[in-house]
Amino acid sequence: MTSTLPLPQNRFKQALKAGSKQIGLWNSLASAATVEVIAGAGFDWLLVDMEHSPNDLPLVHAQLQAIAAYPTCAPVVRPPWNDMVAIKRLLDVGVQTFLIPYVQNAEQAAAAIRHTRYPPHGVRGFASASRATAFGRIPGYWQRAHEQICVLVQVETAEALGEIEAIAAVDGVDGIFIGPGDLSASMGYLGQPSHPEVICAIEAAMQRIHGAGKPSGFLTGDETLARRMLDLGCQFVAVGADVVLLARAADGLRARFASPA
């Protein structure tokens, strides 16, 4: 007799629908060991990055397993690109929440949604015994998987800001994340994500996202700015990054033991 298991619930998606604030941490170290350390800190979500870190699929698989020990912490995976094959493979290892980078318009947002849906609503490939299906133990997974898939799209250029309402109107888009680094570059302020003009553009974009009925997201290591964005209604905010925490803590410790001049 085959064992049966329920379809895993996506608590992060449910929290966004309920309007709950979700405080997260960026994970760029590409290690299940470090993920296990930070997953127990009490963050609502961890971003497992594949776009700007040396992560590959087996490493992401191991990180998902590490996070699973902390059920109140939700994994959000950013694939390297809005690519059907990459997203299909992540879906098969059990990813339920995606942050899709560099979405410029409604057409690209719709493509991201199709990548996460089975036919006839999408182009996701069929696998009968993947980790996502608990190796074939979740009855009706293929008909119901979309119910728990959360797709967040990343708007990160001045051009994309002009498309917010059209992107928000795409069925299946669960939230819109503002990428401050690339946005600052597209606005002529490379390396200055906290430039006043960039922040002004982000705040205006947040208001438009909320006006379109979608939750907004943001990343910053600046605590004051993070609290400001939360006060403005930003719902899922990453307030730091593992690699930065480690680097700055190491710098600070070494500085405290520096030899006198």
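Calculation criteria
Residues numbered from 1 in each chain as written. Predicted model: local features only at pLDDT ≥ 70, side-chain atom pairs only at ≥ 80, totals over all residues. Heavy atoms only, no water. Axes fitted to C-alpha atoms, helices over the stretch in contact; angles between N-to-C directions. Helix = DSSP H or I, 4+ residues; strand = E, 2+ residues; numbered from the N terminus. Parallel < 35°, antiparallel > 145°, perpendicular 65-115°, else oblique. Left-handed = near helix turned anticlockwise from the far one by under 90°. Contact = heavy atoms within 4.5 Å. Nonpolar A, V, L, I, M, F, W, Y, C, P; charged D, E, K, R; others polar. Buried < 20%, exposed > 50% of the residue type's maximum accessible area, 1.4 Å probe, protein only. Arc of directions from axis to C-beta. Polar contact = N/O pair within 3.5 Å; in protein donor to acceptor, adjacent residues only side chain to side chain. Phe/Tyr/Trp six-rings, centres within 6.5 Å; stacked < 30°, edge-to-face > 60°. Pairing = 2+ DSSP bridges. Right-handed = clockwise from strand over helix to strand, strands pointing away. Salt bridge = Lys/Arg side-chain N within 4 Å of Asp/Glu carboxyl O. Lys, Arg positive; Asp, Glu negative; His and termini not counted. 1 Å grid on protein atoms, 1.4 Å probe; cavity = no way out; pocket = protein on both sides within 12 Å on 5 of 7 lines; lining within 4 Å. Points joined across faces, edges and corners; volume = space filled by probe spheres on them.

Let us look at the packing of helix 2 (residues 32-39) against helix 3 (residues 57-67). For the pair helix 2 and helix 3, interaxial distance at closest approach is 8 Å and the crossing angle is 25°. By the angle between their axes, helix 2 is roughly parallel relative to helix 3. Seen from above, helix 2 lies across helix 3 with right-handed handedness. Of helix 3, the residues touching helix 2 (which contributes Ala32, Val35, Glu36 and Ala39) are Ala62, Gln63, Ala66 and Ile67. Taken together, the residues that form the contact of helix 2 with helix 3 break down as six nonpolar, one polar and one charged.

Our next topic: helix 1 (residues 11-18). Of all the residues in helix 1, the buried ones are Phe12, Lys13, Ala15 and Leu16. Taken around the axis of helix 1, the buried residues stretch over an arc of 160°, which confines them to a single face. For helix 1, exposure combined with an orientation more than 90 degrees from the buried face picks out Arg11, Lys17 and Ala18. Two to three positions downstream of the cap, the backbone nitrogen of phenylalanine 12 sits 3.1 Å from a side-chain oxygen, assigning the N-cap of helix 1 to asparagine 10. Once helix 1 ends, the next one or two residues include glycine 19, with phi positive near 80°.

Moving on to the packing of aromatic side chains. Two measures describe an aromatic ring pair: the distance that separates the ring centres and the angle between the ring planes. Evaluated as defined, the whole model comprises nine aromatic pairs. Geometrically, the ring pair formed by phenylalanine 12 and phenylalanine 236 is edge-to-face, given 6.0 Å between the ring centres and 80° between the ring planes. One end of the pair, phenylalanine 12, is in helix 1; the other, phenylalanine 236, is in strand 8 (residues 236-241), with 224 residues separating them in the sequence.

Another point: the pairing of strand 8. Looking along a regular strand, one sees the side chains alternate between the two faces of the sheet. Of all the six residues making up strand 8, five are buried; the element is thus mostly covered by neighbouring parts of the structure. Summarising the sheet, strand 1 (residues 22-27) and strand 8 pair through four bridges and their orientation is parallel. Bridge pairing in strand 8 places glycine 24 opposite alanine 238. Read as a crossover between parallel neighbours, the route from strand 7 (residues 216-219) over helix 11 (residues 223-231) to strand 8 is right-handed.

Applying the stated criterion across every chain yields a total of seven salt bridges. In this structure, glutamate 165 and arginine 208 form a salt bridge, with 2.8 Å as the shortest nitrogen-oxygen distance. Of the two residues, glutamate 165 is situated in helix 8 (residues 164-168) and arginine 208 in helix 10 (residues 196-211); the sequence distance between them amounts to 43 residues. A relative accessible area of 39% places glutamate 165 in the partly exposed class.

To continue, consider the side chain of lysine 214. Here lysine 214 lies in the loop between helix 10 and strand 7. No salt bridge is formed by the buried lysine 214; its nearest oppositely charged neighbour, aspartate 174, is found at 6.0 Å. Within the structure, the side chain of lysine 214 is placed 2.6 Å from the backbone oxygen of valine 173, a separation counted as a polar contact. With sequence-adjacent residues up to four places away left out, lysine 214 is seen in contact with Ala168, Val173 and Ile209.

Before going further, it helps to spend a moment on the environment of alanine 111. As for its position among the elements, alanine 111 is in helix 5 (residues 106-115). Take alanine 111: its relative accessible area is 15%, and that puts it in the buried class. Along the sequence, alanine 111 and valine 123 sit 12 residues apart, while their C-alpha atoms lie 9.3 Å from each other.

It is the rolling of a water-molecule-sized probe over the atoms that shows where space remains empty. There is about 720 Å³ of room inside the largest pocket. If you go around the largest pocket, you meet 28 residues; those closest to its centre are Pro8, Gln9, Pro75, Gly94 and Gln96. Looking at the lining of the largest pocket, its residues break down into 21 nonpolar, five polar and two charged.

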